[in-house]
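Structure assessment
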Amino acid sequence: MKVSDILLALILLTAPSVRGLYYEQEMFVFQVLVFVTFIFFLMERQPFTLNRPLDFAVFAFLGAYMITLFNAADFREALLTVMRIAAYTLIYVMVAAKTRNNGMRLKFLGVIYLSGLLMILVTLLNLTGVGFDDKFLDGSVIMTAFEYKNTGALFLLVCSQIGLYLAYYSKSVKAEMLMVIGNYLNFLIIIGTQSRTVWLLFPVAFALMLAGLPAEKRGQSLLRIMISLLPAIIIAEPLISSVVQESFLQTWLVVIGGGMAACGGVLVRQRFGERLTLTRRFMAALAGCIISAAVWLVLSGSSSALAGKIMSISFYDRNVQERLVFFKDALGIFAQNPVLGAGGRAWDILYLNSQSFGYYAENVHNDFLQVAVEAGILGLAAFISIWMCFYLSGRRIYRQTNAEEKAFYRLIFVAGLITMLHILFDFDLSHSAMAFLLWSVFGMASALGDNSVHTSKGRYRPGFLVLVSVAGFLYVTASLSFLTGDIFFARGEKALAGGDLIGTREHFLKALQFDPFKANTLVSLAQVNLALAEHGDYSALNQAVYYVRRAITARPNEPLSHAVYGTALFYKGDYEGSLAETQKYVFLHPMLTAAYEELAERNLNIIINLKENGEDEKTHNYLNTANEIPEMIENRLSLLSRHELDLWRSNTSEPVLSVTPAIKAYLGAANLLAGNPRTGRELIVSAAEEEPDNPKIMVWYAIVADSAGQQGRLRSIIRNNPQMSGYFNRVSALLGN
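Report on the accompanying structure.

Some details on the layout of surface pockets
In this structure, the second largest pocket encloses a volume near 720 Å³. Along the wall of the second largest pocket there are 24 residues; nearest its centre are Leu62, Met66, Ala86, Ala471 and Tyr475. Residue assignment for the lining of the second largest pocket shows that the elements contributing at least two residues are helix 2 (24–43), helix 3 (53–67), helix 4 (75–98) and helix 18 (462–497). Per-element accounting of the lining of the second largest pocket gives the leading share, nine residues, to helix 18. Each residue belonging to the lining of the second largest pocket can be placed in one class, and the counts come to 22 nonpolar, two polar and no charged.

Shown next as structure tokens:
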């Protein structure tokens, strides 16, 4: 056992339990581990050749993403994506070199299978209060260590396929029992995730696996599936109920009881299963299916959340329809940069300006379209080529007579197929742990059919070693630098939560020293400086302008940066520039009601300042701009179809665009100040009727209220609030009240 074997196994074993490597901090650590493992791989002079079509497709995919660096919407994010894919490629190379014989393949499969069990253990520990994270349960849904139920369920489905394969080759009752118990746990958590897409793929995956087995072995394998599945189905509801009720002892008793039932099933199969003929095995398995379904329906009842999930599976489901809209919007972004793409995370950066209705989605929910948006035609062609070469490699395997390799290819074929089907409707490859698994599968496919025994060590040219050394130094240095920047940024956020603006600024500045192009850090630092300027540190205003300009340079299409820049320019007295940046904010996020409210308030505040400076003649242009806002909203809504509006109304993440009471109040105040008192009064009264408890609306309503008693009551409330009182006195003076 070589050092690189141990390190690679450690990476594959632990990655799923570290939040699926979805977040940057964990991924930076694993990127360093992957490269260190590759260095040991080279030092051990393990031979490897890259001469198969699949090899070229994998490296072409990496190359396509490297090209996006020249056309990226955010260079830093594009670079991070290239670094991620470089890590996947190194794993592919090492796995392909190490799995040329069946013994090593079984060891790597065992590691992947154990990684699923470790993830389940981490999940159960956190569900029962032993762990440190409360994000493993969402209502009655188990989220798994991935923190995203669908990808976690898919990973476990692949692991369960591996478990069936290993059980098929098990030589003892103990080994078979271990695989069956493992699959019982896999099935249990898959059911608990309530992932309907994985539930749909479940029978497809196992049907394909069974179809590839010799006829005399299918019944035996189907019995193993049912022995694992039946207790999982029976205890799924009690498990979730006990977790929700925080009955943690009961939770463990339920899980252990199901495992004991699975063990009993193995013993019964060992004693009686071999006596059954092929037909009887199938009949017994079929009976098990029927009994499982019947027991589950009886125990769950009509109010069961799991039963409801199954009954709700439909093409017309809101989640499905929303994804179809995501796909349409992704094609629109792809059309803007069709050849090279817009770089890593391009969807997350650009979709707000291209969305068909108001929603929030960090990913396209289709990895093929995600690649198209990020890497254009070049990247998409390379990605499709990987899949084509992966499947076509089966032709080479089936021309050979090695039964073990044929059985192994059937396993990875099914694992690849169900993953490919799932990524058509989800973003599984955004979790690097899932990508590690998939690129490992690709590596194993590349190694199939190459049973040559390499007795001599690999020989590497000096130029190659120099190139790897330089690239590795830059790769590790960048990963550690980004990681350090993230650590300081997290400290800054903690200081901000405690109200320490000075400490927050210091931590953010340290974060920039290690990660100078992170747009989020730059705009956050600008916001902190604006807050300090509001507290009297006027030198911080220039710093706010400096950092927000850097943020816009790093990521020109970030709406928040333009909103912050508009505020900073307003404080500096550049009203035209401030209005232009706020309008850019609306342009980049046209489905956000708050953006239109910001635009209305910006116009109002400019009018107030101009009135105070005696520049009344300049207020009319800003009044006209403000009065156009309701028409802007109406025009934007007119572009939506009825179906899109219905989807938007059913989406709780962002309210449908409307002329809100706040917008009415701001427009009313602007009209009141700029010489249209009647229109202004009508808008303010209407806003107050819709939202009477809004402090800013209350201030203006206190000025225009018809009833003296109403005015007195409101002004009494305002006087008891120093912030409201100061604002009220300011605008009252302008109106001569």
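There is more to say after this.
Focus on empty space enclosed by the protein
Scanning the model with the defined rule gives five cavities of 30 Å³ or more in all. Taken as a whole, the largest cavity encloses approximately 70 Å³ of empty space. If you trace the largest cavity, you find it lined by Leu164, Tyr165, Tyr168, Met209, Leu213, Ala407, Arg410 and Leu411. Mapped onto the lining of the largest cavity, the elements with two or more residues apiece are helix 6 (149–168) and helix 16 (403–423). Counted by class, the lining of the largest cavity contains seven nonpolar, no polar and one charged residues. Empty space within the second largest cavity amounts to approximately 60 Å³. Lining the second largest cavity, in full, are Gly163, Leu164, Ala167, Met179, Val180, Asn183, Phe187, Arg224, Ile225 and Ser228. When residues of the lining of the second largest cavity are traced back to their parent elements, those giving at least two are helix 6, helix 7 (173–193) and helix 9 (215–244). It is helix 7 that contributes the most residues to the lining of the second largest cavity, four residues altogether. Its residues placed into classes, the lining of the second largest cavity shows six nonpolar, three polar and one charged.

Scoring rules and cut-offs
- Residues numbered from 1 in each chain as written.
- Predicted model: local features only at pLDDT ≥ 70, side-chain atom pairs only at ≥ 80, totals over all residues.
- Heavy atoms only, no water.
- 1 Å grid on protein atoms, 1.4 Å probe; cavity = no way out; pocket = protein on both sides within 12 Å on 5 of 7 lines; lining within 4 Å.
- Points joined across faces, edges and corners; volume = space filled by probe spheres on them.
- Helix = DSSP H or I, 4+ residues; strand = E, 2+ residues; numbered from the N terminus.
- Nonpolar A, V, L, I, M, F, W, Y, C, P; charged D, E, K, R; others polar.

As far as function goes, none of this settles anything; it's purely spatial.
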